[in-house]
Amino acid sequence: MTLFERSAKELQELVHSKEVSIADLTKEAFDRVEKLDGDVEAFLALNKEKATATAAELDEVPFEERGPLFGLPIGVKDNIVTEGLETTCASKILKGFNPIYDATVVKKLREAGMVTIGKLNMDEFAMGSSNENSAYKTTKNPWALDRVPGGSSGASAAAVAAGEVPFSLGSDTGGSIRQPAAYCGVVGMKPTYGRVSRSGLVAFASSLDQIGPITRNVEDNALLLEAISGVDPLDSTSADVEVPNFAAALTGDIKGLRIAVPKEYLGEGVGEAARESVHAALKVLESLGATWEEVSLPHSKYALATYYILSSSEASSNLSRFDGIRYGFRAENVENLMDLYKQTRAQGFGDEVKRRIMLGTYSLSAGTYDAYYKKAQQVRTLIKEDYDKVLAEYDVIIGPTAPTPAFKIGEIVEDPLTMYANDILTIPINLAGVPAISIPCGFENGMPLGLQIIGNYFDESTIYRVAHAYEQATDFHKQTPQIWEGK
Amino acid sequence: MAELTKEEVKHVAHLARLAITEEEAEKFALQLGAITEFAEQLKELDTTNVEPTTHVLPLVNVLREDVAAKGLDRETMMLNVKEQEAGQVKVPAIMD
């Protein structure tokens, strides 16, 4: 077993009683990576030398100057830049890229005294939902090594589920934190758009992207979100709103809570086990004093088309910076500048990334702009209004995070209804910009299932309060994958 | 609208600065055609007078005081540049 089965609070107790040092915790992370990552394949780069030196320095800091996350190890998704530590977005086009500054969230982790262990695999440029789109490796699900961890923050969820690190950061553009958290049986939060600075997050779709925490329990998640939140002069879309003490919201009291359950979330394509786990969760919440009613989010069916057009359009613009000139891969034996651009991009990007760049370029080009891009932005308004209406009357919206547990590596989900359900459960939340969490809520044939709790703008506190009350009443989060045994 | 010709795909690839082979153009024509056909469903919705949402937060302009701040130094900026000369970024000929 590992030290990392403990919560942040329990780890701090061990450190304060001098049973373990921060150097021990850092060493434990690298030992776990050594033992498990040959199977899980979560890490793309390790920060061993620097992390070890940092840990020794942190051990000298007086206890009274330390916060709740001080000295604890964390893994960072590879689309978040880390000064001096290779950052590739799991793409060949950024192979060898050595960032010259830290993302704002990385600065905040350092200010909180956290120790960065390494960089975590993902689908290339966060485009995908299985980690099979990485140019480097396919991360495995710790619960069954022949299954995907989800994506795009698949390795961020897998590393936490495998107990390699107790904390990680992911990013979520259309479900990329919540779906892998569900598949790996951990807690993953996509905060309100604007809650966390995107400065230093390599942009995929700027109006949808948001960085968020992945952890093994709700309280740790709340602590980490507080540490990374806040307005930032380097991101003009970060919101100038108060950052609450999220952990203070974990009162266990949800009496009188009003829950909305959209019928679209439990429709065709959602598996029986996922459906039953949501109904069982609603019973638990009712027993704690909440009430629930069925509602409708009528524009859900249009979310996928809207998402594909908007996210691809934004991506085609954002990814134009990768031209082989200032950083990353550069094609050789070219004729002229135009040829350098075209060859670098053709050789550096994978197929899925090219497809989305092409779709986005097409959607934005003369003659199609109004029919696709503008139309999709108008439909986005209708989708957002669906959520505004429901959240004006209810405290939270609840449904499954994904229609099924993790699928097998190489398996193509062919049932169009399952594919459709996969998308409508997470994508509209990014289009609306509201916050949502996935927490463990059951198993199907030994594979974890996730419960999704969606809240109002900047009301992550209520989401955490509900998630924590549910967690206290259940023990799904306490289970660990078999891979832990004997390691 | 949904059908994309190979020529259209090649034009889009040029706009996106992607070198593309004949086979790829054919493959992308089919794939992009399928996706745009799927996107046609948005036309079912009447969006007359619906404001487009570019962004979910009620932000207009974010301004700061016009105060000079030190940028990154040149050596740092050039760290990842593959081809350089005398502190300048070097590129191949722009004209043939």
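See the structure above.
Keep in mind the model is a prediction, meaning the values are calculated, not measured. (Residues numbered from 1 in each chain as written. Chains lettered and ligands numbered in written order. Predicted model: local features only at pLDDT ≥ 70, side-chain atom pairs only at ≥ 80, totals over all residues. Heavy atoms only, no water.)

> Please give an account of the overall build of chain B that cites residues and values.
Looking only at helices and strands, one finds 3 helices and 2 strands in chain B. Along its sequence from the N terminus, chain B presents helices and strands in the succession α-α-α-β-β. Computed over its C-alpha atoms, the radius of gyration of chain B comes to 23 Å, more than 25% above the 12 Å expected for a compact globule of 96 residues. By principal-axis analysis of the C-alpha atoms, chain B measures approximately 55 × 45 × 20 Å. Counting across all 96 residues of chain B, residues that qualify as buried make up 28%. Of the roughly 7200 Å² that chain B leaves accessible, carbon and sulfur atoms contribute 54%. (Helix = DSSP H or I, 4+ residues; strand = E, 2+ residues; numbered from the N terminus. Rg over C-alpha atoms; globule rule 2.2 N^0.38 Å. Buried < 20%, exposed > 50% of the residue type's maximum accessible area, 1.4 Å probe, protein only. Areas by Shrake-Rupley, 256 points an atom, 1.4 Å probe, with all protein chains shown as cover.)

> How would you sum up the nonpolar core? Please name residues and give values.
As a rule of thumb, soluble globular proteins bury nonpolar side chains together. Judged by nonpolar contacts, the single largest core of 169 residues is most densely connected at Phe125, Tyr387 and Ile453 of chain A. Examining the composition of this core, we find that 9 residues originate from one element, helix H12 (residues 369–393) of chain A, more than from any other. (Core = buried A, V, L, I, M, F, W, Y, C linked by side-chain atoms within 4.5 Å.)

> Talk me through the interface of chain A and chain B; I want residue IDs and the actual numbers.
It is common to give the size of an interface as the accessible area lost on bringing the parts into contact. Between chain A and chain B, the contact holds 60 residues from the first and 53 residues from the second. Between chain A and chain B, a total of about 5200 Å² is buried, with carbon and sulfur atoms accounting for 68% of that surface. When residues of chain A are sorted by the area they lose upon contact with chain B, Ile100, Met358 and Tyr362 of chain A head the list and together hold 14% of the total. Scanning the region where chain A abuts chain B turns up 4 salt bridges. Taking the shortest distance from any N to any O, the salt bridge between Asp351 of chain A and Lys27 of chain B comes out at 3.0 Å. Taken together, chain A and chain B are joined by 20 residue pairs in polar contact (both at pLDDT 80 or more). When residues of the side of chain A that touches chain B are traced back to their parent elements, those giving at least two are helix H9 (303–318), helix H10 (337–348), helix H11 (351–364), H12 and helix H14 (427–432) of chain A. When residues of the side of chain A that touches chain B are assigned to their parent elements, the largest contribution, 11 residues, is made by H12 of chain A. (Contact = heavy atoms within 4.5 Å. Buried area = accessible area lost by both parts, 1.4 Å probe. Salt bridge = Lys/Arg side-chain N within 4 Å of Asp/Glu carboxyl O. Polar contact = N/O pair within 3.5 Å; in protein donor to acceptor, adjacent residues only side chain to side chain.)

> So what's going on with the side chain of His299 of chain A? Residues and values would help.
Tracing the chain through its elements places His299 of chain A in the loop between strand E8 (291–295) and H9. Excluding anything up to four places from it in sequence, His299 of chain A contacts Leu382, Ile383 and Asp386 of chain A together with Leu45 of chain B.

> For the pairing of strand E10 (residues 436–444) of chain A, give the residues involved together with the corresponding values.
Residue and element names in this part refer to chain A. For E10, a buried count of 7 out of 9 residues is recorded, marking the element as mostly surrounded by other parts of the structure. Pairing analysis gives 8 bridges linking E10 to strand E11 (residues 447–454), with the strands arranged antiparallel. When the sheet's bridge partners are listed, Glu444 is paired in E11 with Met447. Connecting E10 to the antiparallel partner E11 that follows it, the hairpin turn spans 2 residues, and Asn445 within it adopts a positive phi of roughly 50 degrees. (Pairing = 2+ DSSP bridges.)

In short, shape yes, function no, at least from these values alone.
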